[in-house]
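# Examination of the molecular architecture
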Amino acid sequence: MAEITAWYARNGRHDLAWRRTRDRWAVLVSEVMLHQTQVPRVASAWPPFMARFPSPDVTAEAGPGAVIAAWGTLGYPRRARWLWEAAVAIAAGGWPDDLASLPGVGRYTARAVVAQCEDTDVPAVEANTRRVAERAAGRPLSDREAEELLVQLGAPLRGRERLLALMDVGALVCRPREPRCGECPLQSRCATRGVRPGERRSRQPRFEGSFRQRRGRVMARLRAGDPVETRTLDAHALASLVADGLAVVEDGTTARLP
């Protein structure tokens, strides 16, 4: 048994709720939530969200305001709007052959959904798997180069198990800071065995005092449900939310969720 196979069986995050389903909608919701959001926060938010919006049809029918309100404090609420738009497209025409044609769905998300739900044998590159691939190669890689190397690193695993195993290697041992190389099943195949020289570590911009915080304060007022007088809101933050389809202004005097 290959080291990564044994490691994943022992250490993989098998208890994550969205890993216990092969339903496309449920997995798509989890992937959209996980964009720029830590796993523990998604683990708390995903079950109640799925209970309320269990399918594309229900989500589309609920309307964007309900989905945005239920998104709560996960942040980057444009994701909620995209998710609703994707639900509308799926409810109207079914699941497209290319999931990347759905609003807010890129190459990674499309591949991650089909790998997890249909066990399609395609690699997918996100932050964790990219870090694993580039440290193993000892250099920066294009998406296609990383995908090719991930297939090699994950062998003999394929499809769903390869994707999840490599994600977990990146999240649990090949961490951005203080990697646990001694615990890594890929150590013998890694050119770096640590933090790669020149490796860039993305840092989320400071939230306190940011425009994101200002938008968040307006969103919190709107999520309460009742229309809010625009004169009581941050005008620039409100305007940006309207531009993103996350709020509407009626008669120039009141704002609400769409």
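Residues numbered from 1 in each chain as written. Predicted model: local features only at pLDDT ≥ 70, side-chain atom pairs only at ≥ 80, totals over all residues. Heavy atoms only, no water.

## A closer look at the packing of aromatic side chains
Counted under the stated rule, the structure contains three aromatic pairs. Seen from their ring centres, Phe49 and Trp71 are 6.0 Å apart, and the 85° between their planes marks the pair as edge-to-face. With a gap of 22 residues between them, Phe49 in helix H3 (residues 39-52) and Trp71 in helix H5 (residues 64-71) connect regions that are remote in the sequence. When sorted by exposure, Phe49 lands in the same class as Trp71, which is buried. Chaining the aromatic ring pairs together yields one cluster made of Phe49, Phe53 and Trp71. (Phe/Tyr/Trp six-rings, centres within 6.5 Å; stacked < 30°, edge-to-face > 60°. Helix = DSSP H or I, 4+ residues; strand = E, 2+ residues; numbered from the N terminus. Buried < 20%, exposed > 50% of the residue type's maximum accessible area, 1.4 Å probe, protein only.)

## Considering the side chain of Arg79
Checked against the element boundaries, Arg79 lands in helix H6 (residues 78-93). Summary of buried charges: Arg79 has no salt-bridge partner, and the nearest side chain of opposite charge, Glu31, is 9.7 Å away. Engagement of the side chain of Arg79 in a polar contact is seen with the backbone oxygen of His35, the distance being 2.4 Å. The contact partners of Arg79, leaving out residues within four places of it in the chain, are Val32, Met33, Leu34, His35, Thr37, Trp71 and Leu74. (Lys, Arg positive; Asp, Glu negative; His and termini not counted. Salt bridge = Lys/Arg side-chain N within 4 Å of Asp/Glu carboxyl O. Polar contact = N/O pair within 3.5 Å; in protein donor to acceptor, adjacent residues only side chain to side chain. Contact = heavy atoms within 4.5 Å.)

## Observations concerning the sheet that holds strand E2 (residues 248-250)
The antiparallel open sheet is built from three strands, whose spatial order is E1-E3-E2. Pairing within the sheet leaves two strands with one partner each, and these edge strands are strand E1 (228-229) and E2. Where E2 lies against strand E3 (residues 254-256), three bridges are found, and the strand directions are antiparallel. Among the inter-strand pairings, Val249 is bridged to a residue of E3, identified as Ala255. (Pairing = 2+ DSSP bridges.)

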